[in-house]
Amino acid sequence: MKNSIIIRRAAMTIAGIFFSQLAAAHITIDQATATTGAYQKLTFKVGHGCDGSATNLIKISIPENVAGAKPMPKAGWQLSTKIETLATPYTSHGKTISSDVREISWVGGPLPDAYYDEFSVHVKLPDTPGKLYFKVTQQCEKGSLEWVQLPQQGQNKNELKYPAPGIEIIPATTHEHMHQH
């Protein structure tokens, strides 16, 4: 009886280590939550290449309800943005904004599979709470990965093979909102 408990605990520990390493293998956003309407730095963590091959491109799609995306340059990487006309213009600092950054790409590196790196973007988050996902393309010297799967209602994103990184947008308190500007 005592041996079976020890064996079960050891199996659970090994499974926990395996699944935590598996979960860490995805591209993730460093911040788990942010408040509605906040200006926020989002840091995308890249933990591996493509089946051992080094990463040489990271492309992030910016959702329509995210405004003013400004990427952070990285030494050794060329940065480019794709600007598109918005379906719904917005106002920023008294100006009507009708086009905005919808895609950001870093090309270069390379980032070897054995290393990890971060790619950051400053954005204005939407005014409505909820889960916000960013689709990411990771291109490598050999192959590519599309981190674009979105969980269905009630589905755990850890069940997905290639989940899009996401952040939970939570309502801002009056005090927080006053100090964001």
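Heads up: these notes are all about the structure in this document.

Conventions used here
- Residues numbered from 1 in each chain as written.
- Predicted model: local features only at pLDDT ≥ 70, side-chain atom pairs only at ≥ 80, totals over all residues.
- Heavy atoms only, no water.
- Helix = DSSP H or I, 4+ residues; strand = E, 2+ residues; numbered from the N terminus.
- Buried < 20%, exposed > 50% of the residue type's maximum accessible area, 1.4 Å probe, protein only.
- Core = buried A, V, L, I, M, F, W, Y, C linked by side-chain atoms within 4.5 Å.
- Contact = heavy atoms within 4.5 Å.

### Here's the deal with unusual backbone geometry
Part 1 of the argument: Here G109 and P110 are connected by a cis peptide whose omega angle stands at 0 degrees.
Part 2 of the argument: One can find P110 in strand β7 (residues 95-111).
Part 3 of the argument: The phi dihedral of D51 is positive, around 50 degrees, even though this residue is not glycine.
Part 4 of the argument: Residue class for D51 comes out exposed when judged on its relative accessible area of 86%.
Part 5 of the argument: A positive phi angle is found at H93, which is not glycine, with a value near 55 degrees.
Part 6 of the argument: Mapped onto the fold, H93 is located in the loop between β6 (77-92) and β7.

### Here's the deal with the nonpolar core
Part 1 of the argument: Judged by nonpolar contacts, the single largest core of 30 residues is most densely connected at I60 and F134.
Part 2 of the argument: Elements with a minimum of two residues in this core: β3 (39-46), β4 (55-61), β7, β8 (117-124), β10 (136-140), β11 (144-147) and β12 (166-170).
Part 3 of the argument: No other element matches the 4 residues that β7 contributes to this core.
Part 4 of the argument: Beyond its immediate chain neighbours, meaning those up to four positions away, I60 contacts F44, R102, E103, I104, W106, V121, F134, K135 and V136.

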